[in-house]
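# A structural walkthrough
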Amino acid sequence: MIALRVEEAIGRQIARLRAERGMSLTELGEALGRYLDRPWSRQAVHQAERGQRAFTAAELTALALALDTSVPVLFRAENDRIELPGGAVSPEDYRGILLNREPDMPLDGVEELIIALHDIGEVLSRPALARLARIGRVADQVAGPDPQP
């Protein structure tokens, strides 16, 4: 299992979200300029996506706004351990900190839904599952229509 620095996990999410939205590095940098005192250069966005920079709270907020997402989504890591200066954190523990875990406060349903939908998307995109679905469709075609009682 790979161990990523938090900045690398955030960088992967920035790159994924930017690609999903069809934004270029330059476009994201310009969008950040609307929320920060100046836009980021293409190179600054590229460095961020590669996990080669730390982020301020203002930058994380601007990234979430520019990418039309939430700050916790920027911190998502697939199934990788997260490396902190004092040691690595398991994927389960890391995922848990993205949710509200205060005993006197209920979990935010939107946060749970975001994580659940992401996890479902990951499962459905697996090649083996896609092959099984194709095999199932072929089997249904060969078997023909269901007999009527």
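Preceding this paragraph is the structure being described.
None of the values given here were measured: they were computed from a predicted structure. (Residues numbered from 1 in each chain as written. Predicted model: local features only at pLDDT ≥ 70, side-chain atom pairs only at ≥ 80, totals over all residues. Heavy atoms only, no water.)

## Quick notes on the sheet that holds strand β1 (residues 3-5)
Read from one edge to the other, the open sheet built from 3 strands follows the order β1-β2-β3, with strand pairing classed as mixed. Taken across any chain shown, the strands that pair with only one partner, and hence form the sheet edges, are β1 and β3 (87-89). In this sheet, adjacent strand axes meet at a mean angle of 40 degrees when their direction is disregarded. Looking at chain direction, strand β2 (residues 81-84) and β3 are connected through 3 bridges and run antiparallel. Following the sheet pairing, L84 is matched in β3 by G87. Packing of helix α1 (residues 6-20) onto the sheet brings it into contact with β1 and β2, and relative to β1 it is tilted by some 85 degrees. (Pairing = 2+ DSSP bridges. Helix = DSSP H or I, 4+ residues; strand = E, 2+ residues; numbered from the N terminus. Axes fitted to C-alpha atoms, helices over the stretch in contact; angles between N-to-C directions. Contact = heavy atoms within 4.5 Å.)

## Brief notes about the environment of L60
Looking at the secondary structure, you find L60 in helix α4 (residues 57-66). A relative accessible area of 10% places L60 in the buried class. Once residues within four sequence positions are removed from consideration, L60 is found in contact with I10, F55, V71, L74 and F75. (Buried < 20%, exposed > 50% of the residue type's maximum accessible area, 1.4 Å probe, protein only.)

## A closer look at unusual backbone geometry
In this structure, D68 is a non-glycine residue whose phi angle is positive, near 55 degrees. Tracing the chain through its elements places D68 in the loop between α4 and α5 (71-74). Look at D68 and you get exposed, because its relative accessible area is 65%.

## Examining the nonpolar core
Counting residues in hydrophobic clusters, the biggest one holds 29 residues, and the most contacted among them are I14, L28, L32, W40, F55, L63 and L74. When contributions to this core are tallied by element, the ones reaching two or more residues are α1, α2 (25-33), α3 (42-49), α4 and α5. Sequence-distant contacts of I14, that is, excluding residues within four places in its chain, are made with L28, A48, E49, F55, L63, L67 and L74. (Core = buried A, V, L, I, M, F, W, Y, C linked by side-chain atoms within 4.5 Å.)

## As for the packing of α2 against α4
For the pair α2 and α4, the least separation of the axes is 9 Å and the interaxial angle reads 115 degrees. Crossing of α2 against α4: the hand is right-handed. Within the contact between the two elements, α2 uses L28, A31 and L32 and α4 uses A62, L63 and A66. Among the residues forming the contact of α2 with α4, the class breakdown is 6 nonpolar, no polar and no charged. (Left-handed = near helix turned anticlockwise from the far one by under 90°. Nonpolar A, V, L, I, M, F, W, Y, C, P; charged D, E, K, R; others polar.)

## Description of the side chain of R18
Assignment of secondary structure puts R18 in helix α1. In contact with R18, not counting residues within four places along its chain, are M23, S24, L25, L28, E49 and L67.

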